[in-house]
Amino acid sequence: MSYRSILVHLDDDESAEHRLDYAIAVARRFDAELVGVYLVPGTGLAPSTAAMMRPEAVERRLAQFGEAQHAAERAFRDAATAAGLTADWRAPAGAPIDAAVAHARCCDLFVVGQHRPSAADFGDALVSNVLLSSGRPTLVVPHGGGPATVAERVLIAWNGSREAARAIGDALPLLEHALRVDAVAIDEDSETDVSERLAGTRLRAWLARHGVNIDVERHSSPNIGVGECLLDRAAALSSDLIVMGGYGHARMRELVLGGVTRKVLRTSTIPVLMAH
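Read on for a plain summary of the structure.

Basis of the calculations
Residues numbered from 1 in each chain as written. Predicted model: local features only at pLDDT ≥ 70, side-chain atom pairs only at ≥ 80, totals over all residues. Heavy atoms only, no water. Helix = DSSP H or I, 4+ residues; strand = E, 2+ residues; numbered from the N terminus. Buried < 20%, exposed > 50% of the residue type's maximum accessible area, 1.4 Å probe, protein only. Contact = heavy atoms within 4.5 Å. Areas by Shrake-Rupley, 256 points an atom, 1.4 Å probe, with all protein chains shown as cover. Axes fitted to C-alpha atoms, helices over the stretch in contact; angles between N-to-C directions. Parallel < 35°, antiparallel > 145°, perpendicular 65-115°, else oblique. Left-handed = near helix turned anticlockwise from the far one by under 90°. Nonpolar A, V, L, I, M, F, W, Y, C, P; charged D, E, K, R; others polar. Polar contact = N/O pair within 3.5 Å; in protein donor to acceptor, adjacent residues only side chain to side chain.

Turning our attention to the overall build of the chain. The number of helices and strands found in the chain is nine helices and twelve strands. Per-residue burial for the chain yields a buried fraction of 47% across its 276 residues. A sequence separation of at least 24 residues applies to 79% of the contacts in the chain between residues at least 6 apart. Accessible area for the chain stands at about 13400 Å²; split by element, carbon and sulfur atoms hold 49% of it.

Structure, rendered in structure tokens:
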């Protein structure tokens, strides 16, 4: 099993360079095609907006958008060429969130950036919609950049759920290359029933067939949240990647991330691979 197509979201934010560096490292490991998709909110001018602007102002605005896009494309192609990768560039028109979901559905892995607290809501909307609607794994790179290593020490967040199993299956190419994989189960109370232990045994046997040897360690988190407990274990184990199921629910036609998902995505200092 391998990744053959790595999609990376690029925009005009300085953190885009970190995303690109990480995507290149993953693409090089699997000799995958690297696809850059340029998605920036507000790059189109609605007819109603353009109608209120002077023609020269519209031209100036469109020229600025075009220059930024061309600069991002040059940086992407230069980096891909230097890495010796086959690369493709896309700058789809239309609503950027819809375009992100559509393009993500036809790749093996979509690399996006972590939400920046100082930014608008686009980052949160991008991650939640791609994660919950694309059907493909989403790898979120911290806005401060990823660690020097790529998926050498992986922490799996295991709770026996469909989403967790999906994330592990999507992460198998990385798990098979990892030097160490730790599976961590967090119980919100102090009790663990037999079915949960059997689920951990089945997980261990499944991954062993892929050459991935793990033990499932269990922790209770009666006083702190599950997300915080997972991040604490990742730090204690010196993990450089977290693999976990992404949880959410539909509310008033808006995709909303669950509390644990949101906590990990917004505060993790290492990359997180999620699937829903």
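Read on for the rest.
Between helix α6 (residues 162–177) and helix α7 (residues 194–208), whose axes approach to 12 Å, the crossing angle comes to 30 degrees. Considering their axes alone, α6 and α7 lie roughly parallel with respect to each other. Seen from above, α6 lies across α7 with right-handed handedness. Two secondary-structure elements touch here, α6 through A165, I168, G169, L172 and L175 and α7 through L203, W206 and L207. When grouped by side-chain class, the residues that make up the contact of α6 with α7 number seven nonpolar, one polar and no charged.

As a further point, take the environment of R153. Mapped onto the elements, R153 comes out in strand β6 (residues 153–157). In contact with R153, other than residues within four places in its own chain, are R180, L237, S238, S239, D240 and L241. From its side chain, R153 meets the backbone oxygen of S238 in a polar contact 2.5 Å long.

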